[in-house]
Amino acid sequence: MKIVLGTPVIGARPRPWIELNLPVPILVNSFNLIKRRPNPGDAPLHSLMQHEGEVWLDSGGYQFLKRGMEISVDNIIDIYSKYWDAQAYLSLDYPPSPLDSREEAWLKMRRSLANYIELNRRLPGFNIVPVVHFYRDVNLSMEMLRMALDHNPSMIAIGALVPYILMTHNVPKNSRRMALEFIMRVKENHPKVHVLGLGSPIITPILRALELHSTDTATWRLKAVYGKVMMPGGGERHVTGRDIKFGKKEATLNDINELYGFLKSTGFPLLDDFWTKLDSFEYRALINAWVVLMSNKPPSHGVFSVMYRELMETIQVEGDSSRMLNQGSFK
C-alpha cells in the first residue's frame, strides 16, 4: 500500500523525499499554488517540489471551505492545466459533516459529483480522481459511489472518514465499524481505493490488511510543529519543553529508546546527534515521516489494536474480512 506524504506549504522544509532520499509519493495542495502563484516550468510540479517521483495534486477544496472562500471548477481547471505533470488529480469536493442533515449531505455529494464530471470532461488525459464521501446514512454514500463508477475512474478516493474513525464525536454508535464496512464495499466495486487522511501508524496496518491502494497524511509535519514525535505502532509523545495544550503524553526514556531502536533497525540515515536534535522541528518532522512510511508494527493499544487483531484472525481463518464487521465488534 502506498502512503502519500501531504506537503501543506510549497517550498516548506523539511522535504523527506530529498533529505531521506525516499522515492515517496507526495500530495501537493492547490490552495498553496493559487495563493503563492509560482511560475510553472517544463515539468512544473516536479521542478517545484524537486521530486522525481510520483506527485499528486489536491484541489484544496477543504482549505478553501475552512476559510470561507469560494473556489470554482474553472479555478481548478486553470491550476490543473498549468501544473499538468501530476500522476493523479483529486476532484474538487464538498465533504459533508456528520452533523449535516440528509438533504444537506446529498446536496454536497451531488455538487462534488458534478465537479468531477466537469473536470473529467474538460481535462481529457488527466487522471481525475473522484472523491466519494462517507456519511452516517450509508445509502447516500453508496449512491454516490454508483454514480461515480458510471464514469469509469482509474481510482476511487474516499473522503469524510476522519470524524467517524479518529474523532467519533457527534457520530452514530459503531461509527468505526460503519466506516470500515463502507471502505470494504468500495473495495469490492473498484480495485484501486485511496482513503483520504488516514496515514497514521495506528491505522495503516488495518488499511494494508484490507489491501487498499493508498492513503495520505500531512500529520508527520503537523505533529512536529507541536513538539511531538510519532511512535511505531501508533501514538505520539512530546519531546520538547514547550507548554502542552492537548495530547499531554510526554515521552519517557523508554519511549525515546524504543523510537531510537526502531529508527536504527529500519536504516534511518540521520541518527547522528539524535538526542540533541529532537528539539528541532525539522528533525522531528523527518522522524515522523520515516515512522509513517516504515512502521509495519500492529496497533499497540486501544480499539485499533482490537480491530486489527480481529481482522487478522478472520482473514487467517476464513479469508474473509467482512464477517468481522457483521459481528459489531467496533464500538
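Residues numbered from 1 in each chain as written. Predicted model: local features only at pLDDT ≥ 70, side-chain atom pairs only at ≥ 80, totals over all residues. Heavy atoms only, no water.

Draft legend 1. Highlighting the pattern of salt bridges. In total, this model carries 13 salt bridges according to the counting rule given. Between D137 and R102 there is a salt bridge, with the nearest N and O atoms lying 2.6 Å from each other. Taken together, the residues D137 in the loop between β6 (131-133) and α7 (138-149) and R102 in helix α6 (residues 102-122) connect sequence positions 35 residues apart. Classification of R102 as partly exposed rests on a relative accessible area of 43%. Several salt bridges share partner residues, and in doing so they unite D74, E118, R121 and R122 into one network. (Salt bridge = Lys/Arg side-chain N within 4 Å of Asp/Glu carboxyl O. Helix = DSSP H or I, 4+ residues; strand = E, 2+ residues; numbered from the N terminus. Buried < 20%, exposed > 50% of the residue type's maximum accessible area, 1.4 Å probe, protein only.)

Draft legend 2. Quick peek at the packing of aromatic side chains. Scanning the entire structure with this criterion turns up 9 aromatic pairs. Arranged with centres 4.8 Å apart and planes meeting at 50 degrees, the rings of Y80 and Y89 form a pair that is tilted. Y89 matches Y80 in its accessibility class, with the two residues each being buried. Each ring, one from Y260 and one from F274, has its centre 5.1 Å from the other, and the planes form 65 degrees; the classification is edge-to-face. In this pair, Y260 is assigned in helix α12 (residues 253-265) and F274 in helix α13 (residues 274-277), connecting sequence segments 14 residues apart. A relative accessible area of 1% places F274 in the buried class. Counting every residue linked through ring pairs, the aromatic cluster contains Y260, F268, F274, W275, Y283 and W290. (Phe/Tyr/Trp six-rings, centres within 6.5 Å; stacked < 30°, edge-to-face > 60°.)

Draft legend 3. Focus on the nonpolar core. L57, L263, F274 and I287 are the most contacted members of the largest nonpolar core, which totals 55 residues. Top contributing element to this core by residue count: helix α14 (residues 281-294), with 9 residues. Discounting residues that sit within four places of it in the chain, L263 has contacts with F268, L271, F274, I287, W290 and V291. (Core = buried A, V, L, I, M, F, W, Y, C linked by side-chain atoms within 4.5 Å. Contact = heavy atoms within 4.5 Å.)

Draft legend 4. Main features of the pairing of strand β1 (residues 2-7). Of all 6 residues that make up β1, 5 are buried, and the element is covered over most of its length. Pairing of β1 with strand β9 (residues 214-217) involves 4 bridges; the strand directions are parallel. Pairing of I3 across the sheet is with T215, part of β9. Taken together, the 3 bridges between β1 and strand β2 (residues 26-29) define a ladder with parallel strand orientation. What sits directly across from T7, in β2, is V28. (Pairing = 2+ DSSP bridges.)

Draft legend 5. Molecular detail of the side chain of T217. As for its position among the elements, T217 is in strand β9. T217 gets classed as buried once you look at its relative accessible area, which sits at 3%. If sequence neighbours within four positions are ignored, T217 has contacts with I3, V4, L5, G6, G199 and V292.

Draft legend 6. Up close: unusual backbone geometry. Put simply, R13 and P14 share a cis peptide bond, and its omega is 0 degrees. Structurally, P14 is set in the loop between β1 and α1 (16-19). Phi at Q50 is positive, roughly 50 degrees, even though this residue is not glycine. Note that Q50 resides in the loop between α3 (44-49) and β3 (55-58). Backbone geometry places E211, a non-glycine residue, at a positive phi of 60 degrees. Among the structural elements, E211 can be located in the loop between α10 (204-209) and β9.

Draft legend 7. Structural context of the sheet that holds β2. Reading across the sheet, the 9 strands line up as β5-β4-β3-β2-β1-β9-β8-β7-β6 and stay open at both edges, with parallel pairing between neighbours. Of all the strands in the sheet, just β5 (128-129) and β6 have a single pairing partner and so form its edges. Sheet contacts for α14: β1 and β9; angle to β1, the most-contacted strand, approximately 155 degrees. (Axes fitted to C-alpha atoms, helices over the stretch in contact; angles between N-to-C directions.)

Draft legend 8. Spatial organisation of the environment of M49. Residue placement: M49 occurs in helix α3. Along the sequence, M49 and G11 sit 38 residues apart, while their C-alpha atoms lie 7.1 Å from each other. In this structure M49 touches T7, I10, W17, I18, I26 and V28, once residues within four positions along its chain are discounted.

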